[in-house]
Amino acid sequence: HNPPLQPSGAARRPRLLDLPWEDVLVPHILRRLPLRQLLRLQRVSKAFRAAVQLHLANLRRFDASQVRAGAGLRLLKDNEVLQHLALQACADWLTDKELLPVIGQNHHLQQVQLNGCAQLSRHALVAISLSCPHLRQLSLAHCEWVDSLSLRSLADHCKALEAVDLTACRQLKDEAVCYLAQKCSGLKRLSLAVNANMGDVAVEEIAKCCPELEHLDLTGCLRVKNDAIRVLAEYCPKLRSLKVKHCHNVAESSLSILRNRGVELDVEPPMQRALVLLQDVVGFAPFINLQI
């Protein structure tokens, strides 16, 4: 049936788009909607599309996992104020062609996550170095395209870095990580895991140059030995956690210094490991005073 007729001169019912866009609609309403809903909303009308685009141009955080593949970075074409950019969900398709324009127009980025984005190249890291002087956190885990020259560029231009994940960046050797430590002495969190090229030289330089270090991941760094762990204990008083699983040349003789200081380690003391193995074999462990 037909809707009731409104009396002549009756006031029109307020609509969502009548709200002040920059003061109310964008910061207090659109900001609370998931990206996927915003993308559906902008298909309602040209006015809604304009409102959503205004919102997208003012985003401070963007996580590509919230949108379908391929659509993500096109949404940022007008954005120049991003601070946090999470693109690990784009690992299957992201290339320099999509990433570089976004990086080039966003000079306020503080956190970038590119974990597993294997189709990028060293040019991506150089672009981040040149465009993001305020960068504090960078995740490059399993980005095997990261090389010594691009890491040196990062160290030269992003000296405010506090957290860097270089897990499985297998092109990197001691010298490149030493340079990073020398230039970025405020590092608090660093992962060099799954890199057989890393040895004592890099770990000792990190220890001596980065007194604020709190978390270090050396999982699978086969060349790291006890001497480097002792230097770490001496020069890093703020260290809170250390991962050395599968570092076969690191023994309890060096780890005990950190263990006694309350540093969280991912390997048990030898006696504890033996008890666990014994319990697995015989079904129980004898009481042993581990304080002796």
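Above this text you will find the structure in question.
Reading guide: rules and limits
Residues numbered from 1 in each chain as written. Predicted model: local features only at pLDDT ≥ 70, side-chain atom pairs only at ≥ 80, totals over all residues. Heavy atoms only, no water. Helix = DSSP H or I, 4+ residues; strand = E, 2+ residues; numbered from the N terminus. Buried < 20%, exposed > 50% of the residue type's maximum accessible area, 1.4 Å probe, protein only. Contact = heavy atoms within 4.5 Å. Areas by Shrake-Rupley, 256 points an atom, 1.4 Å probe, with all protein chains shown as cover. Axes fitted to C-alpha atoms, helices over the stretch in contact; angles between N-to-C directions. Parallel < 35°, antiparallel > 145°, perpendicular 65-115°, else oblique. Nonpolar A, V, L, I, M, F, W, Y, C, P; charged D, E, K, R; others polar. Arc of directions from axis to C-beta.

*Asks:* Explain the overall build of the protein residue by residue, including any values.
*Replies:* A count of helices and strands for the protein gives 11 helices and nine strands. Relative to its 292 residues, the protein shows a buried fraction of 44%. For the protein, the proportion of contacts with a sequence separation of at least 24, taken over those separated by at least 6, is 67%. Accessible surface computed for the protein: about 16000 Å², of which carbon and sulfur atoms make up 52%.

*Asks:* Report on the side chain of Ser139, specifying residues and quantitative values.
*Replies:* Considering the arrangement of structural elements, one finds Ser139 in strand 4 (residues 137-139). Excluding residues within four positions of it along the chain, Ser139 makes contact with Val112, Gln113, Leu114, Asn115 and Asp165.

*Asks:* Can you lay out the environment of Ala207 for me, pointing to particular residues and giving the numbers?
*Replies:* Relative to the helices and strands, Ala207 is located in helix 8 (residues 200-209). For the pair Ala207 and Leu232, spaced 25 residues apart in sequence, the C-alpha to C-alpha distance is 5.0 Å. Residue contacts for Ala207: discarding those within four places in its chain leaves Val231, Leu232, Tyr235 and Cys236.

*Asks:* Before we move on, can you summarise the packing of helix 5 (residues 122-131) against helix 6 (residues 148-157) with the specific residues and values?
*Replies:* At their nearest, the axes of helix 5 and helix 6 sit 8 Å apart, and the two run at 10 degrees to each other. The orientation of helix 5 with respect to helix 6, classified from their angle, is roughly parallel. Across the interface between the two elements, Arg122, Leu125, Val126, Ser129 and Leu130 from helix 5 touch Leu149, Ser150, Leu151, Ser153, Leu154 and His157 from helix 6. Taken together, the residues of the contact of helix 5 with helix 6 sort by class into six nonpolar, four polar and one charged.

*Asks:* Go over helix 4 (residues 96-104), please, and point to the residues and values.
*Replies:* Within the sequence span of helix 4, burial applies to Asp96, Leu99, Val102 and Ile103. Across the axial projection of helix 4, the buried residues extend over an arc of 145 degrees, all falling on one side. Buried residues in helix 4 make contact with strand 2 (84-86) and helix 5.

Functional significance is not addressed by these values, which are geometric in nature.
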